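# Observations on the three-dimensional arrangement
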Amino acid sequence: MPAFDFTTLFWWGLPLAAAPLVIHLINLLRHRRVPWAAMEFLLASQKKYRSRVLLRQLLLLLLRTVAVAGLVVALAQPRWQAAPGGLFGGGGMHLVLIDDSYSMGDTAASEPGGGDRQTAFDRGLEAADAILAGTVGSEAETLAVGLFSELTRGELAIPATTVDPATRQQIRDRVGSLPCSWLATKPREPLERAAAAAAAADGPCTLWLISDFRRCDWQDEEAADGLRRLAEAGVGIRLIDAAEPAATAGNLAVTRLEAVGGVPAVGVRVPIELAIRNDGDTEVRDVRVSLREDDGTRPGLRIAAIPAGGTATARFDARFQTRGDHLVTARLPNDRLAADNDRSCVIDVVDQIDVLVVSDDPAAGSAGSDAFYVANALAPGGAAATGLRPRIVPASSLGAIDLEPYDCLWLLDVERFEATAVTALEQHAAAGGGVVFFTGPRTEAALITRDLHRAGDGLFPVPLAGDVEILPAPGGDRVPDLVAEDHPVVTVLAGRRNPLLDMVRVERVMAVERTFDEAAAPGLRRLLSLRDGRPLILEKPFGDGLVAVVLSTAAPIWNTWARGNPSWVVVMLELQNHLARRRRQVASLTVGRELTVPLLPGRDEIEVDFLVPPDAALVRQTALARPDGGLEARLPTRVPGGYAARWRRADGSEREKLVAVNVNPEEGLLEPAGREQLDRQLAGIDFRYDTAAGLAPGDSGLAGVPLAMPLLVGLLGVLALEQFAALAASYHPVRSARRSIPRR
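Attention here is on the structure that accompanies the text. (Residues numbered from 1 in each chain as written. Predicted model: local features only at pLDDT ≥ 70, side-chain atom pairs only at ≥ 80, totals over all residues. Heavy atoms only, no water.)

### Some details on the packing of aromatic side chains
Aromatic rings in a pair are described by how distant their centres are and how their planes are angled relative to each other. What counts is decided by this rule: What counts as a ring pair is set by centres within 6.5 Å for rings of Phe, Tyr and Trp (its six-membered ring), and what kind of pair is set by the plane angle: stacked under 30 degrees, edge-to-face over 60, tilted for all other angles. Between buried and exposed lies partly exposed: a residue is buried under 20% and exposed over 50% of the maximum accessible area for its type, with that area taken using a 1.4 Å probe on protein chains only. Each helix corresponds to a stretch of at least 4 residues labelled H or I by DSSP, and each strand to a stretch of at least 2 residues labelled E; elements are numbered beginning at the N terminus.
Enumeration over the complete set of coordinates arrives at seven aromatic pairs. Taking the centre distance of 5.3 Å and the plane angle of 45 degrees together, the rings of F213 and W218 count as tilted. The exposure class assigned to W218 is buried, which follows from its relative accessible area of 2%. On the basis of an interplanar angle of 20 degrees and a centroid distance of 6.2 Å, the ring pair of W410 and F438 is categorised as stacked. Here F438 lies in strand 18 (residues 434–438) and W410 lies in strand 17 (residues 408–412), a separation of 28 residues in the sequence. You'll find W410 and F438 in the same group, each marked buried. In textbook terms, an aromatic cluster arises when at least three aromatic residues are bridged by ring pairs, as seen for W410, F438, W561 and W568.

### Things to note about the nonpolar core
Among soluble globular proteins, nonpolar side chains are generally buried collectively. Keep this limit in mind: Note on terminology: a nonpolar core comprises buried Ala, Val, Leu, Ile, Met, Phe, Trp, Tyr and Cys residues joined through side-chain atoms within 4.5 Å.
Counting 43 residues, the largest nonpolar core has W410, F438 and W568 as its most contacted members. Ranked by residues supplied to this core, first place goes to helix 14 (residues 566–584) with seven residues. Grouped together as the second largest cluster of nonpolar side chains are 35 residues, V462, A521, V549 and L551 included.

### Comments concerning the pairing of strand 26 (residues 594–599)
Which entries qualify depends on this criterion: Two strands form a pair only when DSSP identifies at least two bridges running between them.
On strand 26, burial follows the alternation: L595, V597 and L599 on one face are buried, whereas E594, T596 and P598 on the facing-out side are not. Where strand 26 meets strand 30 (residues 631–636), six bridges bridge the pair, whose relative direction is antiparallel. Looking at strand 30, one finds that T596 is bridged to R634.

### Section: the packing of helix 7 (residues 188–199) against helix 9 (residues 221–232)
Each pair of packed helices gets described by two things: the angle between the helix axes and the distance between those axes. Basically, it comes down to this: Geometry is summarised by axes, namely lines fitted to C-alpha atoms with helices restricted to the contacting stretch, and by angles between N-to-C directions that run from 0 to 180 degrees. We call two directions roughly parallel when the angle between them is under 35 degrees, roughly antiparallel when it is over 145, roughly perpendicular when it lies between 65 and 115, and oblique otherwise. The contact criterion used throughout is that any non-hydrogen atoms of two residues lie within 4.5 Å. For this classification, the nonpolar set comprises Ala, Val, Leu, Ile, Met, Phe, Trp, Tyr, Cys and Pro, the charged set comprises Asp, Glu, Lys and Arg, and every other residue, Gly included, is treated as polar.
Where helix 7 meets helix 9, the axes come as close as 9 Å, and the angle between the chain directions of the two elements is 10 degrees. Here helix 7 lies roughly parallel to helix 9, going by the angle between them. Contacts between helix 7 and helix 9 pair R188, L191, E192, A194, A195 and A198 from the former with E222, A223, G226, L227, R229 and L230 from the latter. Per-class residue counts for the contact of helix 7 with helix 9 are seven nonpolar, one polar and four charged.

### Structural notes on the sheet that holds strand 8 (residues 252–259)
The strand order across the open sheet built from three strands is 8-9-12, with neighbouring strands paired in antiparallel fashion. The open sheet has two edge strands, strand 8 and strand 12 (311–319), and neither has a second partner. Within this sheet the neighbouring strands show an average axis-to-axis angle of 20 degrees, counted without direction. Relative to strand 12, strand 9 (residues 269–278) is paired through nine bridges, and the arrangement is antiparallel. Across the sheet, the residue bridging to E273 is R315, located in strand 12.

### Focus: helix 14
The cut-off we apply is this: Helices are assigned an expected span. That span is 1.5 Å times one less than the residue count. Two axes are fitted around each residue, one to the seven residues ending there and one to the seven starting there, and the angle between them is reported as the bend at that residue.
Over its 19 residues, helix 14 runs 26 Å from end to end, which matches the ideal 27 Å to within 8%, given 1.5 Å per residue. At H578, helix 14 shows its largest bend, some 30 degrees. All of the buried residues in helix 14 are S567, W568, V571, M572, L573, L575, Q576, N577, H578, L579, A580 and R584.

Structure, rendered in structure tokens:
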């Protein structure tokens, strides 16, 4: 149907087409009677040719009327389109939903190395502009635009607005300035909000859903159910695919960056691991990763290869020379999607970390005791700085000690535990702390099984049957007593035969009850086993923490491990770091979550200054009361990076907290759903599918085919015909060639 860019000009200019008729009538009124001698001859001639003259005059009048009307129509910029809107308007509401998740930043269709790289979101905005260009300037037609990220908060980027020549350009300018977000918003909630907006609309409603339609978003029923409810409500559905269907290049994403061991203390080595995912269908080689530590750069990493559809990990060490929070950032080179190329983590560095060592030995701490060997493994002293500071206490004082400052507790051959001590240990582990049990001659197997294991509901990983002797290998063969399992604590000792483990001799262990099914225990893992298949070290999760048990002594009483064997120190340090890891991890927020800073009433001031990336803009927030009586300052996060929160205490001291905010790496999975999957997933739903390129302004899509140029060409033809008709209808005689008269 025809539509006009300047509808008002068309309607105001259309009456001008009557100008030739009005001029003709005025000329008829101006005729005068003139007496003439030859009138009788002329009247006779007029009667003979009257019909022919009248037809010529009517044709001339029609051509002049068409010429004026054609000029008016051409100035109104007509188009031919099949979209809603047209000459007399279609009425109703057009609701445009634009997916602004960060996957829409995909630049797969751009030229490599180009300057301004067009994203899928840019193509989506062009499609929205074309939809706006196809609407009609009538009071019956309205348009609203919503972004996925804002619809989750119940907000429309552009509320429902009547489209007319006065508002159309304003709306187009606002649409063109809409930003793409860093969020990973699924379509379910925006579609629910759209259903509410459509229900409130007067008259028919058309939903325009502009997205990249990734497979991971459209392989479940949630999105399909949202569209199905809209279709059942009578809403017309148009799906506009802004992705590049011919894209072949893969996308690399940093999916993980975290400390995986070590003690985050001043001057101590902290291993940090990153993981990079390759979403392409070909292997990527020689991937270089740049690293930053706080405000400075540090040597980067090189990953030889990342398999297609796989993940590669790499580790590097960091040593921090000052206490406090430190921000570490890993960055990949630019590829088709830049948003998931960066990832940050925060390492909370302290001067030293306290470790609680509990023993029933009256000589605990003296040479030869369990506590002596454990404490010396955790803090050897000298140049081997570990950042750990062991504190040895008797088991009788366990119930009265505040366990909150300790990441990990070491319980060495304790005979029995009071009820208050059991409760304190379980609360500590449930809150993310680590607990290590060593058994020995004082351990009462029955009491441990009854009070701590409690048929699998308690803290202790396994039920105990009592101590047993490990007989020498038959035939006197030198078979290693220890076997390293697949576990990160003993990774350094696994694989080929390790001479350090081969030196260890185990003579006695605490046996596990024969009826206990190790495979059926949830989360139970072995770290080390004996040559006869018995477990030596096991762990299990308890709440948010981890609990490990060593079914032998720490001192060289039942075994020889701690007697000058370097592997003893290595495994004890790795076990300490592994169990304390959950308490030391600084939470990393996902973009879109609120950053919260808890404050203590009376000790902290209520004003908190947040420094927001990327340019450290200052945002001041006032803390609000929590239901539990505490205070909390909150800040919504909109971009990734390192956020800093600063506040003062009542004594005048300043506090600072760093938080790493990262994108959701799952949004970087760019595999498109494709038309076939959408047809299967949306079976039974009446929808129309188009690409954003097909709706771009200037194409024969929604914006329509411009008719101004063909109309001007036709207008020239009409004017030429008008000249011939005017000449034919005039009374001017046709000039003939002058006859030549010969001279005599």
